[in-house]
Structures are given as C-alpha cells and as structure tokens.
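Tertiary structure, described
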Amino acid sequence: MVKDCKIGIISDEVFWLLDKFIDWAQKNEVKNCELRTVNGQYIQELSPSMAKQSALLLRKAGITVNALAAGLGKCDLANSEQVDKHLKMVPRLVENARIFGTNKIRLFAGWRCRDIPGTWDGIVAFCGRVLAELPDDMMFLVENEAATGCASLSDVAVLCLSLKNDVRIASLFDPGNYVYDTGTMNVLFRMGYGINDLIEAELKKYSRLIKIVHCKNATGGSLMTSRTARTVGLGDGEIDYRRLLKKLESLEVIAPLDLEPHRLEAGQQLSERTRATPGGEGYGSPVNAEHDLNVIRSILTA
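Anyway, here's the lowdown on the structure attached to this text. Just so it is clear, the structure is predicted and the values come from calculations on it, not from any experiment.

**Re unusual backbone geometry**
Even without a glycine there, the phi angle at E252 is positive, about 60 degrees. Its location among the elements puts E252 in the loop between α9 (241-250) and β12 (257-259). Residue class for E252 comes out exposed when judged on its relative accessible area of 53%. Not every positive phi belongs to a glycine, and H262 is a case in point at roughly 50 degrees.

**Some thoughts on the nonpolar core**
In terms of nonpolar packing, the biggest core is built from 85 residues, with F21, L35, F100 and I296 touching the most fellow members. When residues of this core are assigned to their parent elements, the largest contribution, seven residues, is made by helix α4 (residues 89-100). Leaving out residues up to four positions away in the same chain, I296 has contacts with I7, C215, L234, L245, L257 and L259. Counting residues in each nonpolar core, the second largest holds six residues, with M139, L141, L172 and I212 among its members.

**So, the packing of helix α3 (residues 80-87) against helix α5 (residues 119-132)**
One can describe the packing of α3 onto α5 by two numbers: an axis separation of 10 Å at closest approach and a directional angle of 30 degrees. It follows from the interaxial angle that α3 and α5 lie roughly parallel. Seen from above, α3 lies across α5 with right-handed handedness. On the side of α3, the interface is formed by V83, D84, H86 and L87, while α5 contributes F126, R129 and V130. The residue inventory of the contact of α3 with α5, partitioned by class, reads four nonpolar, one polar and two charged.

**Describing the packing of aromatic side chains**
Taken as a whole and assessed by the stated rule, the structure comprises three aromatic pairs. Their ring planes at 25 degrees and their centres at 6.3 Å tell us that F21 and W24 sit as a pair that is stacked. Here W24 and F21 lie together in helix α1 (residues 18-27), a separation of three residues that amounts to about one turn. Just as F21 is buried, W24 falls in that class too.

**Thoughts on empty space enclosed by the protein**
Inspection of every chain in the model, using the stated rule, returns one cavity of 30 Å³ or more. By volume, the largest cavity is sized at about 40 Å³. Listed by contribution, the elements that provide at least two residues to the lining of the largest cavity are α8 (195-206) and α9. Residue composition of the lining of the largest cavity, by class: three nonpolar, one polar and four charged.

**Let's talk about the environment of G73**
Mapped onto the elements, G73 comes out in the loop between β5 (64-68) and α3. On the accessibility criterion, G73 (0% relative accessible area) is buried. Residues G73 and G110 lie 37 residues apart in sequence; the distance between their C-alpha atoms is 5.1 Å. If sequence neighbours within four positions are ignored, G73 has contacts with H86, L107, F108, G110, W111 and F126.

**Topic: α8**
When the terminal C-alpha atoms of α8 are compared, their 16 Å separation across 12 residues agrees well with the 16 Å that a helix rising 1.5 Å per residue should span. Looking only at α8, the buried set comprises I195, N196, L198, I199, E200, E202 and L203.

**Quick notes on the pairing of strand β1 (residues 7-10)**
Residues I7 and I9 line one face of β1 and the alternating positions G8 and I10 line the opposite face, and both faces are buried. As paired elements, β1 and β12 share three bridges and run parallel to each other. Residue pairing in the sheet places I7 in a bridge with L257 of β12. Across three bridges, β1 lies against strand β2 (residues 32-35) in parallel orientation.

**Quick word on the pairing of strand β7 (residues 139-143)**
Most of β7 is tucked away, with five of its five residues classed as buried. Direction of pairing for strand β6 (residues 104-107) relative to β7: parallel, over a ladder of four bridges. Looking at the pairing, L107 lines up with V142 of β7. Where β7 meets strand β8 (residues 169-173), four bridges bridge the pair, whose relative direction is parallel. Bridging across to β8, L141 finds its partner in A170.

The rules behind the values
- Numbers given for residues are sequential positions, taken from 1 along each chain in its written order.
- For this predicted model, a pLDDT threshold of at least 70 governs which residues receive local features, and a threshold of 80 or more governs which side-chain atom pairs are given and counted, while totals over whole chains, interfaces and linings are taken from all residues.
- Excluding hydrogens and water, the side-chain figures rest on all heavy atoms present in the structure.
- Strands are runs of DSSP state E lasting at least 2 residues, helices are runs of H or I lasting at least 4, and numbering of each runs from the N terminus.
- Buried means the residue's accessible area, taken with a 1.4 Å probe over protein chains only, is under 20% of the maximum for its type, while exposed means over 50%, and partly exposed covers the values in between.
- Think of a nonpolar core as a cluster: buried Ala, Val, Leu, Ile, Met, Phe, Trp, Tyr and Cys residues, connected wherever their side-chain atoms sit within 4.5 Å.
- Residue contacts follow a heavy-atom distance rule, with two residues in contact if any of their heavy atoms lie within 4.5 Å.
- Geometry is summarised by axes, namely lines fitted to C-alpha atoms with helices restricted to the contacting stretch, and by angles between N-to-C directions that run from 0 to 180 degrees.
- Under this scheme an angle from 65 to 115 degrees is roughly perpendicular, one under 35 degrees roughly parallel, and one over 145 degrees roughly antiparallel; angles in between are oblique.
- A crossing counts as left-handed when the near helix is turned anticlockwise from the far one by less than a right angle, and as right-handed when that turn is clockwise.
- Polar here means any residue outside two lists: the nonpolar Ala, Val, Leu, Ile, Met, Phe, Trp, Tyr, Cys and Pro, and the charged Asp, Glu, Lys and Arg; Gly therefore counts as polar.
- Here is the rule: rings of Phe, Tyr and Trp (six-membered ring for Trp) pair when centre to centre is within 6.5 Å. Planes less than 30 degrees apart are stacked, more than 60 are edge-to-face, and the remainder are tilted.
- For each structure, a 1 Å grid was placed over the protein atoms alone; sets of points admitting a 1.4 Å probe that cannot get out are labelled cavities, open sets with protein on both sides within 12 Å along at least five of seven lines are labelled pockets, and lining residues have an atom within 4 Å of a point.
- Grid points are joined across faces, edges and corners, and a volume is the space filled by probe spheres set on the points.
- One fewer than the residue count of a helix, multiplied by 1.5 Å, yields its expected span.
- Should DSSP find at least two bridges between two strands, the strands are taken to pair.

See below:
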C-alpha cells in the first residue's frame, strides 16, 4: 500500500539485547529496524567501537537501520545545562549514524513544555542550534508527540517553516501519539470530528514531510479528559490503520513502517530508569511485537 514499504521495528521494543533481537528478526523475516538502545545503552551514549561491533552483527544478519531513535531534545529547553548536554549529543549521534549506515536521527521538540509561555521560540532556537551542528548529508526527523511542542504533523510542518524549510529536518510521523493529545482531541470531539478525520486532513497537506511512519495504536485519551490514554494492539485502538495506509498510498508517500508496540505483557513492570526518564526501552515484548507485525502484514496483503 505504501511505496518502498519496508516493515521495521524499534529493536528494544522486542529485546533490549541486540543478539536476541537479531534472532527474533531473522525468525520473523524483519529486515529493518530503528535503534534507541543497544544492549541497554542509549544510542546517543554508545561508543564508536561498540557501534561498529553492533553494526557488523546487523549487517551480517541482513538488517538495515532505518534511523537512530535518539532522545535528542527530550529535555527542559528552559534549562541551559540540559540544553547544552543535548547539543553535545549531536557529534556522537552523527558518527554512530554513519557507522550504522543511516542518515536519519530522531529529534524531539522539547519535553513536557507545550503549555509553558515562550516555549515555541525556545523550540525553534534549540532546533536551529542542533541543525547548525548537522552535516548536509544527515537529517533530523521530528516525532510528533503530545508531551512536546509538536503534537501533530501540522505542528512539525510549522516548525519546518520556522526553520526556513531546511531540507535536513522532516517528520517522523506517529499516528498513535494523536490519541494522547487530549486537548486537541476534546476540541475535535465537541466539533463532531474524529481522530482519523484529523489525521487524513493533515496528511493531505503535509505528507511530503514524512520520512518514517511509527506504527502503534492507543485508546482512551481522545474523547474526554477523564479517560487515560494507553497503548494497545495495532488493530485495537482508535487509529484506523487500514484507512491510514490507503491514504498514504494515494499520496505516494515513500516511507518505512516501523512498529512500536510500546505496551507491557501481563506481569511485566517498567524499569526504574524508564519510570524516571521515559525512554521506552522498558517495553520490550516479543509477543506484542509479533502481534503487531502480523496485523500490519495482514493489512498490507489484504
């Protein structure tokens, strides 16, 4: 349905150990991935020597790295120490991206900052500073995320415009994250619109910015503030992936589809580190990964 439709997955959403992920990927014929952590170490902290060893294992297994799912920008942009720390991540991320054979690095528009006065100027300034450190052959992909200053694809489009449409910045499109944006969703609900209507309208305007699609689903957050959003199976949430993929196909979007199951199995608990700094790596579940993989494949082959 989507041109260049390569199905991938964030590796630590399956196993945090790279060799176990590789075994799973080969068993399930998954040939693409994103890297957020490698053997428990964040990609922005991974040494070049460890990156080279890991890249060799992936290449031998025939697995391509679509992007580095870095936590760059996931900080308080009003805190100069945190900002400086994140700016210093860029050279290592660029080096590791080259080692893993990708030119795409994830970027967040701040963290838990959306309703703070003056936030937008700070986001634009921060993104401008990280872009100044980025070589011309690399790209930052801004993920739309309700906890940041860019909750939607249209927000990412405005950010790109604010940065003079620099070709090195584009969209890592996550439809499931719309469910967590309760403010926007409540407005839509009162106006009689649905979440899938909003997504389709945004795709019509801004699909050209999309370089990767994160495939996850969620429920419970889009109709009233008393409900709490939670991630569910890819075919079970509020995002209509069959409709979404048809729309992407009609718009001739060329982008990998990277799964992000992002939910716990029964009896699983998050690590203390994930609770403190929500990086996502504590959600690894081969059961959930295989479920979502089967769902996306069934949609694509229907």
